[in-house]
Amino acid sequence: MQLHVSPSMRSLTISSNNGFIDLMKIKVAARHISYRTLFHTILILAFLLPFVFILIALVTLEGVNKCSSFDCLGRRLGPRFLGRDDSEPRLVKDFYKILNQVNTVEIPDGVKLPDSFNQLVSEMKNNQYDAKTFTLMLRAMIEKLEREIRESKFSELMNKHFAASSIPKGLYCLSLLLTDEYSSNAHARRQLPSPELLPMLSNNSYHHFVLSTDNILAASVVVTSAVQSSLKPEKIVFHIITDKKTYAGMHAWFALNHASPAIVEVKGVHQLDWLTRENVPVLEAVENHHGIRNYYHGNHIAGTNLSDTTPRTFASKLQARSPKYISLLNHLRIYLPELFPNLDKVVFLDDDVVIQRDLSPLLDIDLWGKVNGAVETCKGEDEWVMSKHFRNYFNFSHPLIAKHLDPNECAWAYGMNVFDLHAWRKTNIRETYHYWLKENLKSNLTMWKLGTLPPALIAFKGHVCPIDRSWHMLGLGYQSKTNVENAKRAAVIHYNGQSKPWLQIGFRHLRPFWTKYDTRVALSARVIGLLFVFGIKCENTHTLKCFPIGVTALGTQLPFGKGPYIKPTLYFSFFYKKNVGFICYFLLLPLF
């Protein structure tokens, strides 16, 4: 069979050579293309081809398309012809892919990292880094910075802990000065209170406040703020309990700085006949137990895995290891019924509080037969301070804790509590407190580690009456984000935490609430008086720029700001006798 196509493409002939001649002739109709159609086709191509050329050139120049096939090129260019640009989503996907790859790659040891991002970009340009190498270098730089920041944060927390646990030079010298004054000045040793006021110490018609502290200046602020904020200051009685080493200085301060019309009693623990080793065996064990003392006074870093510890957790652990938690003064509040057998109701105050409102209505609150009126710390806007439950204080993996306590039970605050001593004497709160302290000592402090509040939470369980939060605002020593307006409205503000207002690490914007009642202004006036006595004139009482002049007569009255006129005669004898006094006074000056 043969197929023959004519040159004009108009006919098709099919023949067979099997001995017969078969002939089939097919005619094909002619197809005509009009000039109009051809013109439009050429016009469209002339319009589109430049754009195709430009798109291909851009893709090539930008280096986006690294495909070697026309199929890949079509996938790249197809969306562009439709007016869409999918390069950004694809770039993001490629970036995520590189991140996932780099995240699982080990960073080589000893790799030299740039010191800054600009240096990294410069090295990238010079060394022609690909995207993966650049991302790996960036990851290594970020991890290095994270380690450095973490180490700096822990160092800051340690330094802050040491600063909070130490005694500032000014406060130390103040105690020395007043102790020497107590021994050499009869006025500093006068009876507190005066004999005619002694019956008021056990008179239940007065408002009784108890303060246990070895900080003279802090005690002065508490007393001064309470007196100045009270509507009836003549009804206030302060019972201040301090340790033996601070007693002389504390007594001298309040003997020389009258809190009139309030009544102030100062007692040392060595003067309290009831506080014997037989009555406080647990406290004796707490102070003398080697393991306990090593925990609070030893190496705070040893045994701590910083890589698995957050700064916030580490800060809480440091706060729990403050040496004050093994001080006898910190445990005295559990013995209030025995210390004041003739009183029915008292307000217990920590030494880091400031009273801003009259507290007499607090003593009139009906506690409904409960012992302890306290602010609950599980309800409030502040998540750091007012979100405390039992689980925040106790180790519930300990079987004894898990058996007797509920982790979701609301905690309450120490620092400003109204105690019904009459109701307290009918309970076994003290015995419960002792029992749990012993159990914690037996378990090597594995049940809790934070001071006196945890055993008190157990001992007062079922004996707490919640009071309104406006009476007691906490957290001014923990964080700088404290709401200042709320602090102004609170009856008592509490600088609980490390950043005490008398320390340099205290928050400056919160310090004025405390310095408002700071009596060191009067002390500054006495210092200036002494400088006059020794022939030194102060050009400026606030900056204390001094220069020699002739000796001024004793008893010259010197104004200091808005304070009273002070005669320096009282301090001349001490200044004359002890050179250390001269040094200590100058150590006090930076605090003014």
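As named in an unreviewed UniProt entry, the protein chain is Hexosyltransferase, taken from Hibiscus syriacus. One UniProt comment on the protein chain, placed under Subcellular location (unreviewed entry), says "Golgi apparatus membrane".

Before going further, it helps to examine unusual backbone geometry. Cis geometry is found at the peptide bond from leucine 192 to proline 193, where omega equals -10 degrees. Looking at the element boundaries, proline 193 is found in the loop between α6 (169-184) and β4 (207-212). Proline 261 follows serine 260 through a cis peptide bond whose omega is 5 degrees. Relative to the helices and strands, proline 261 is located in the loop between α8 (244-256) and β6 (263-268). Backbone geometry places tryptophan 368, a non-glycine residue, at a positive phi of 55 degrees. Along the chain, the position of tryptophan 368 falls in the loop between α14 (360-363) and β9 (372-374). A positive phi is found at asparagine 444, a non-glycine position, where the angle reads about 60 degrees. The residue asparagine 444 is located in the loop between α17 (429-442) and α18 (453-459) in this model.

This paragraph deals with the side chain of asparagine 496. The residue asparagine 496 is located in the loop between β12 (492-494) and α20 (512-515) in this model. You can call asparagine 496 buried: its relative accessible area is 14%. In contact with asparagine 496, other than residues within four places in its own chain, are Asp352, Leu474, Gly475, Leu476, Gly477 and Tyr478.

Once that is clear, we can look at the state of the cysteines. The final tally for this structure, using the stated rule, is one disulfide. Residue cysteine 378 pairs covalently with cysteine 410 via a disulfide, S to S 1.9 Å. Its S-S torsion of about -105 degrees marks the bond between cysteine 378 and cysteine 410 as left-handed, since a negative value means left-handed. One end of the pair, cysteine 378, is in the loop between β9 and α15 (399-404); the other, cysteine 410, is in the loop between α15 and β10 (416-420), with 32 residues separating them in the sequence. We note that cysteine 378, like cysteine 410, is buried.

All told, the structure shown has twelve salt bridges when counted by the stated rule. Note that lysine 379 and glutamate 376 form a salt bridge whose closest N and O atoms lie 3.3 Å from each other. Classification of glutamate 376 by relative accessible area gives partly exposed; the value is 22%. One salt-bridge network, held together by shared partners, links Asp214, Asp243 and Lys245.

Criteria and cut-off values
Residues numbered from 1 in each chain as written. Predicted model: local features only at pLDDT ≥ 70, side-chain atom pairs only at ≥ 80, totals over all residues. Heavy atoms only, no water. UniProt positions renumbered as here; feature names shortened; annotations may be inferred. Helix = DSSP H or I, 4+ residues; strand = E, 2+ residues; numbered from the N terminus. Buried < 20%, exposed > 50% of the residue type's maximum accessible area, 1.4 Å probe, protein only. Contact = heavy atoms within 4.5 Å. Disulfide = S-S within 2.5 Å. Salt bridge = Lys/Arg side-chain N within 4 Å of Asp/Glu carboxyl O.

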